[in-house]
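Take a look at the letters that make up each chain.
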Amino acid sequence: MHPRVLEVTQRLVERSRPTRERYLAMIRAAASDGPQRGKLQCANFAHGVAGCGSSTDKQRLRLMDQANVAIVSSYNDMLSAHQPYEHYPELIKQALREIGSVGQFAGGVPAMCDGVTQGEAGMELSLASREVIAMSTAVALSHNMFDAALLLGICDKIIPGLMIGALRFGHLPMIFVPGGPMPSGISNKEKARVRQAFAEGKATREELLESEMKSYHSPGTCTFYGTANTNQVVMEVMGLHLPGSSFVNPYTPLRDELTREAARQVTRITHQGGNFMPLGEIVDEKSIVNSVVALSATGGSTNHTLHIPAIAQAAGIQLTWDDMAEISAVTPTLAQVYPNGKADVNHFHAAGGVNFMVHTLLEAGLLHEDVNTIMGRGLSRYLQEPFLVDGKLEWRTGRAESLDEDILRPASRPFNEEGGLRVMQGNLGRGVMKVSAVAPNHQVVEAPARVFHDQSELAAAFKAGELERDFVAVVRFQGPKALGMPELHKLTPYLGVLQDRGFKVALVTDGRMSGASGKVPAAIHLCPEAIDGGPLAKVCDDDLIRVDGRTGELKILVPADEWMARQAVEAPQGTGVGCGRELFAFMRGAMSTAESGASAFTSSLEALK
Ligand SMILES: O=C(O)[C@H](O)[C@@H](O)[C@H](O)[C@H](O)COP(=O)(O)O
Ligand code: SF4
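Every value quoted in this text rests on a predicted model; they were computed, and no experiment measured them. (Residues numbered from 1 in each chain as written. Chains lettered and ligands numbered in written order. Predicted model: local features only at pLDDT ≥ 70, side-chain atom pairs only at ≥ 80, totals over all residues.)

Engineer: Would you mind going over the overall build of the chain with me for this structure?
Structural biologist: Helix and strand counts for the chain come out as 23 helices and 16 strands. In terms of overall dimensions, the chain is globule-like: its C-alpha atoms have a radius of gyration of 24 Å, near the 25 Å expected for 609 residues. A burial count over the chain gives 58% of its 609 residues as buried. When contacts within the chain are restricted to residue pairs at least 6 apart in sequence, those whose partners lie at least 24 apart make up 78%. (Helix = DSSP H or I, 4+ residues; strand = E, 2+ residues; numbered from the N terminus. Rg over C-alpha atoms; globule rule 2.2 N^0.38 Å. Buried ≥ 20, exposed ≤ 12 C-beta atoms within 10 Å, placed from the backbone. Contact = placed C-beta atoms within 7 Å.)

As structure tokens, then:
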């Protein structure tokens, strides 16, 4: 094992010891030898089976020797990625019936498509929806009828929300069931080119729509390496998906057979199945470290600097940005998938995908092998990949070398010696930057500030020709407590055009960017946020700011006495109303700092004795 990865893991174990011990005590007390439903009173049990459409299922549920599997699904037609889940419950129930078990649809969870809401009012609900998903998962599982669960979710906040909710039922065995990416459309690079052309008035709206519809064209996850596809890699490397299953396209025979196999496999790891392996014993310090290694090796979404700490907290583990940056510093970048390159996730999968990545990272001593997974002990099981031969699932050892080194490389010949996740810090606070998608000559910007309180103000300034210069865009009052921490990805085309015109531009914000954002250096997730006494609230136009993506320095170059005397400006009024945002005000007020996951649950989890 790499000494630095070992050191971070050990530090994480020590730091987490009190809360991890409490967590393990809770889930071990909740686990019971017999099926959960066996502990219910007759009336409760009768209500729990009354809805069973099949007398066979109902009869089986009365017997205690077969598993009852909860299905928790985030199906809706809004997310192309989640549309394939429409037919999963029936597929799963049938697969369970064939082995004498039962599947019950325990509950749905909401899912927001960040692509539909990007730049719109709805985006201000996006991060809060993670917490709603976590609570909805708890509502579904709180029926306590279940011996295991299958969790159907893919996109941005949905996997983190499902994980946070499910971990509070960590005494149950669970498997996450992916849906796979849509087939490749026009390249993400071409999509971005048309967007920038439109931003410059060189492409019509019809040409833009044509391009977007050719990029996002059918059910399945969008093919860029954003938060959704980063979720897939993280879940598989944490041993919570079937091996090699993340990027098998939807509506294919192999995809359906993998869904059936997930149903069969989850019954094998129940008490009744004889190889009991609950979720809370899989998600431990080593698997959390493995998730950060996978994030770093693939240039994954900056959103995971919020989601992985929030997920870890739900399992009693206290992960920090310094842990993540230290792991990133020793983890080579092995994949170049848009926005970190031209390829998309279908190409990544074809070049060797997660299997090859696990192989080369294990070989390099960067992943913990001695971990629990849904397949049993040992991450080496994830060197297997699935094939459908004469209708039967067959597991074969994946490739030991990449099929395309323009997309995926071995740890011995990486694209970059480090993972490109930087902690940014200085007199403007602490934040993060992903430099893996920023060209080296753009990673350091020292320029006058231009302050905005809303991303639409920047768009207007661009269209008015006011931004044709070197500048650092400071977009403030976007943090979790202020506005729900929206993604500001709609700024990418404008800032990208200015960068392409040769200007040195950077973004500094207490908000977020999308996992699909990339080429412009952005110090994001600033803590403390402007509304919470953060120094961003004192920045004025034309203040000189240095954003150094190489060293992590984030500094306002104003004389110390003047800076000390500066007064913070007030947050803009009248925000957070309309489009249901006012319903989430209580949650925004409860959200922790970005470094603690911007979680509404941090304080209640910390209060657990
Ligand atoms: O974090 C992410 O990956 C993004 O939130 C992504 O899910 C979102 O949908 C982008 O907005 C899509 O990219 P475009 O907006 O460029 O299509
Ligand atoms: S990847 Fe983003 S845009 Fe695509 S379906 Fe998921 S949330 Fe929507």
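Engineer: Mind showing me how you'd approach the site of ligand 1 here?
Structural biologist: For ligand 1, the set of nearby residues contains 14 residues, the closest of which are Asp114, Gly115, Gly226, Thr227 and Gly515. Put simply, the parts of the chain that give the shell around ligand 1 at least two residues each are helix 5 (114-117) and helix 10 (227-237). For the shell around ligand 1, the per-class residue count stands at two nonpolar, nine polar and three charged. (Near = placed C-beta within 6 Å. Nonpolar A, V, L, I, M, F, W, Y, C, P; charged D, E, K, R; others polar.)

Engineer: Any chance you could explain the site of ligand 2 here in plain terms?
Structural biologist: Neighbouring residues of ligand 2: Leu79, Ser80, Ala81, Cys113, Asp114, Gly115, Cys155, Asp156, Thr221, Cys222, Gly226 and Ala228. Here the residues of the shell around ligand 2 are counted per class, giving six nonpolar, four polar and two charged.

Engineer: Explain the UniProt feature "domain: Dihydroxy-acid/6-phosphogluconate dehydratase C-terminal" (unreviewed entry) in the chain to me, please; I cannot follow it from the model alone.
Structural biologist: The positions UniProt marks with the feature "domain: Dihydroxy-acid/6-phosphogluconate dehydratase C-terminal" (unreviewed entry) are residues 406-598. Across residues 406-598 one finds 18% helix and 24% strand; the C-alpha atoms that close the span lie 36 Å apart. (UniProt positions renumbered as here; feature names shortened; annotations may be inferred.)

Engineer: How should the UniProt feature "domain: Dihydroxy-acid/6-phosphogluconate dehydratase N-terminal" (unreviewed entry) in the chain be read in this particular structure?
Structural biologist: Mapped onto the present numbering, the UniProt feature "domain: Dihydroxy-acid/6-phosphogluconate dehydratase N-terminal" (unreviewed entry) falls at residues 67-380. Between the end C-alpha atoms of residues 67-380 the distance is 27 Å, and the span holds 47% helix and 8% strand.

Engineer: Help me understand the sheet that holds strand 1 (residues 68-73) in this model?
Structural biologist: Pairing between the strands of a sheet is mediated by backbone hydrogen bonds and can be parallel or antiparallel. Taking strand neighbours across the sheet as the criterion, the four strands line up as 2-1-3-4 in an open arrangement whose pairing is parallel. The open sheet has two edge strands with one neighbour each: strand 2 (102-108) and strand 4 (174-177). Looking at each pair of strands side by side, their axes are set apart by 25° on average, direction ignored. Bridging between strand 1 and strand 3 (residues 148-152) involves five bridges; their strand directions are parallel. Its bridge partner being in strand 3, Ala70 is matched across the sheet by Ala149. (Pairing = 2+ DSSP bridges. Axes fitted to C-alpha atoms, helices over the stretch in contact; angles between N-to-C directions.)

Engineer: It is not clear to me how unusual backbone geometry should be interpreted in this structure. Could you clarify?
Structural biologist: A negative phi holds for most residues other than glycine; trans holds for most peptide bonds. With an omega of 15°, the peptide bond between Tyr338 and Pro339 qualifies as cis. Residues Cys527 and Pro528 are joined by a peptide bond in cis, for which omega reads -15°. Relative to the elements of secondary structure, Pro528 occurs in the loop between strand 14 (522-527) and strand 15 (544-548). For Tyr251, which is not glycine, the phi torsion reads 55° and is therefore positive. Considering the arrangement of structural elements, one finds Tyr251 in the loop between helix 10 and helix 11 (253-268). Under the C-beta neighbour-count criterion, Tyr251 is labelled partly exposed, with 16 such atoms within 10 Å. For Cys579, which is not glycine, the phi dihedral falls at a positive 55°. The topology assignment puts Cys579 in the loop between helix 21 (560-565) and helix 22 (585-590). On the basis of neighbour counts, which here come to 14 C-beta atoms within 10 Å, the residue Cys579 falls in the partly exposed class.

Engineer: Looking at this structure, how should I read the environment of Arg581?
Structural biologist: Residue placement: Arg581 occurs in the loop between helix 21 and helix 22. Given 18 C-beta atoms within a 10 Å radius, Arg581 is considered partly exposed. Those residues in contact with Arg581, other than ones at most four positions away along the chain, are Ala121, Glu124, Leu125 and Gly576.

Engineer: What is the right way to look at the confidence of the model for the chain in this model?
Structural biologist: Close reading of the predicted structure is inappropriate where its pLDDT is low. Across the chain, the average pLDDT comes to 96, with 100% of residues at or above 70. Interface confidence for the predicted complex, given as ipTM, is 0.97, next to a pTM of 0.97. (pLDDT = per-residue confidence, 0-100.)

Engineer: What is the right way to look at the pairing of strand 11 (residues 444-452) in this model?
Structural biologist: Each regular strand shows side chains that alternate between the opposite faces of the sheet. Where strand 11 meets strand 15, five bridges bridge the pair, whose relative direction is antiparallel. Note that in strand 15 the partner of Glu446 across the bridge is Arg546. Direction of pairing for strand 11 relative to strand 12 (residues 471-475): parallel, over a ladder of four bridges. Across the sheet, Val451 pairs through a bridge with Val474, a residue of strand 12.

Engineer: Sorry, what's going on with the nonpolar core here?
Structural biologist: What tends to happen in soluble globular proteins is that the nonpolar side chains get buried as a cluster. Formed by 182 residues in total, the largest nonpolar core has its most connected members in Val69, Ala149, Leu150 and Val508. If near-sequence neighbours (up to four positions away) are discounted, Val69 is found in contact with Leu96, Ser101, Val102, Gly103, Phe146, Ala148, Ala149, Leu150, Ala263, Val266 and Thr267. (Core = buried A, V, L, I, M, F, W, Y, C linked by C-beta atoms within 7 Å.)

Engineer: Mind showing me how you'd approach helix 7 (residues 158-167) here?
Structural biologist: Since the α-helix turns once every 3.6 residues, residues separated by three or four places project in the same direction. Along helix 7, 10 of the 10 residues are buried, which leaves the element largely enclosed by surrounding structure. Listed in full, the buried residues belonging to helix 7 are Ile158, Ile159, Pro160, Gly161, Leu162, Met163, Ile164, Gly165, Ala166 and Leu167.

Engineer: Explain the packing of helix 1 (residues 3-30) against helix 13 (residues 285-297) to me, please; I cannot follow it from the model alone.
Structural biologist: Relative to each other, helix 1 and helix 13 sit at 135°, their axes nearing to 10 Å. When the interaxial angle is binned, helix 1 and helix 13 end up oblique. For the pair helix 1 and helix 13, the sense of crossing is right-handed. Where helix 1 approaches helix 13, its residues Val5, Val8, Thr9, Leu12, Val13 and Ser16 are matched on the opposing element by Glu285, Lys286, Val289 and Val293. Here the residues of the contact of helix 1 with helix 13 are counted per class, giving six nonpolar, two polar and two charged. (Parallel < 35°, antiparallel > 145°, perpendicular 65-115°, else oblique. Left-handed = near helix turned anticlockwise from the far one by under 90°.)

Engineer: Explanation requested: the environment of Arg193 in the structure shown.
Structural biologist: For Arg193, the position within the fold is in helix 8 (residues 188-199). When the 16 C-beta atoms within 10 Å are taken as the criterion, Arg193 is described as partly exposed. Sequence separation between Arg193 and Ala29 is 164 residues; the distance between their C-alpha atoms is 56 Å.

Engineer: Would you mind showing me how to read helix 3 (residues 55-62) here?
Structural biologist: Listed in full, the buried residues belonging to helix 3 are Asp57, Arg60 and Leu61. The arc enclosing the buried residues of helix 3, seen along the axis, measures out at 100°, which places them on a common side. Exposed positions of helix 3 whose direction lies more than 90 degrees from the buried face are Ser55, Thr56, Gln59 and Arg62. Of the surrounding elements, those touching the buried residues of helix 3 are helix 2 (42-50), strand 1 and strand 2. (Arc of directions from axis to C-beta.)

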